[in-house]
Amino acid sequence: EDFLQQLLSALFERNIQSVIIEGGRFTLDRFIENDLWDEARVIRGLPFFCNGVKAPELKLRPIISEILGGDHIDYYKNK
């Protein structure tokens, strides 16, 4: 977890203020658990997969939901 703080500090020192985290469950969970996110977009497309690693679940209601080209997109804001 200290690595994430070091990473974000290094980005801040370089005046990088926006980062897209597109990772697997482990990576996304670290950011969510440490409250190190501002917004999230969850895209669900077809087909739905029954096997594999489940995506993290946000315990929030989306601020916007839309369907775009057959994909369902939920937008979330943190606090």
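What comes next concerns the included structure. If you're wondering where the values come from, they're calculated on a predicted model, not measured in any experiment.

## As for the packing of aromatic side chains
And then number 1: Across all of its chains, the model carries zero aromatic pairs by this definition.
And then number 2: Its end group placed over the ring of Phe26, Arg30 keeps NZ or CZ at 4.2 Å from the ring centre.

## What to know about the pattern of salt bridges
And then number 1: Across all of its chains, the model carries six salt bridges by this definition.
And then number 2: The salt bridge involving Arg30 is made with Glu33; its shortest N-O contact spans 3.1 Å. Taken together, the residues Arg30 and Glu33, both in helix α2 (residues 25-33) and three residues apart, mark about one turn of the helix.
And then number 3: The class for Glu33 is exposed, based on a relative accessible area of 54%.
And then number 4: In this structure, Lys79 and Asp35 form a salt bridge, with 2.9 Å as the shortest nitrogen-oxygen distance. Separated by 44 residues along the polypeptide, Lys79 in the segment after β3 (71-77) and Asp35 in the loop between α2 and β1 (39-44) bring together distant segments of the chain.
And then number 5: Since its relative accessible area comes to 38%, Asp35 is described here as partly exposed.
And then number 6: Through salt bridges with shared partners, one network takes in Glu39, Arg41 and Lys77.

## Here's the deal with the layout of surface pockets
And then number 1: Empty space within the largest pocket amounts to approximately 1,800 Å³.
And then number 2: In terms of lining residues, the largest pocket is bounded by 41 residues, among which Ile21, Leu28, Ala40, Arg41 and Val42 are the most central.
And then number 3: Looking at the lining of the largest pocket, the elements with two or more residues in it are α1 (2-13), α2, β1 and β3.
And then number 4: Broken down by element, the lining of the largest pocket gets its largest block of residues, six residues, from β1.
And then number 5: For the lining of the largest pocket, the class distribution of residues is 24 nonpolar, seven polar and 10 charged.

## Some remarks on the sheet that holds β3
And then number 1: Spatial ordering of the open sheet is given by β1-β3-β2, a layout of three strands whose pairing is antiparallel. A single partner strand is all that each edge strand has here, and the edge strands are β1 and β2 (64-68). In this sheet, neighbouring strand axes are inclined to one another by 20 degrees on average, regardless of whether the strands run parallel or antiparallel.
And then number 2: With six bridges joining them, β1 and β3 adopt antiparallel strand pairing. Considered in β3, the bridge of Arg41 is made with Tyr75.

Analysis parameters
Residues numbered from 1 in each chain as written. Predicted model: local features only at pLDDT ≥ 70, side-chain atom pairs only at ≥ 80, totals over all residues. Heavy atoms only, no water. Phe/Tyr/Trp six-rings, centres within 6.5 Å; stacked < 30°, edge-to-face > 60°. Lys NZ or Arg CZ within 6 Å of the ring centre and 35° of its normal. Salt bridge = Lys/Arg side-chain N within 4 Å of Asp/Glu carboxyl O. Helix = DSSP H or I, 4+ residues; strand = E, 2+ residues; numbered from the N terminus. Buried < 20%, exposed > 50% of the residue type's maximum accessible area, 1.4 Å probe, protein only. 1 Å grid on protein atoms, 1.4 Å probe; cavity = no way out; pocket = protein on both sides within 12 Å on 5 of 7 lines; lining within 4 Å. Points joined across faces, edges and corners; volume = space filled by probe spheres on them. Nonpolar A, V, L, I, M, F, W, Y, C, P; charged D, E, K, R; others polar. Pairing = 2+ DSSP bridges. Axes fitted to C-alpha atoms, helices over the stretch in contact; angles between N-to-C directions.

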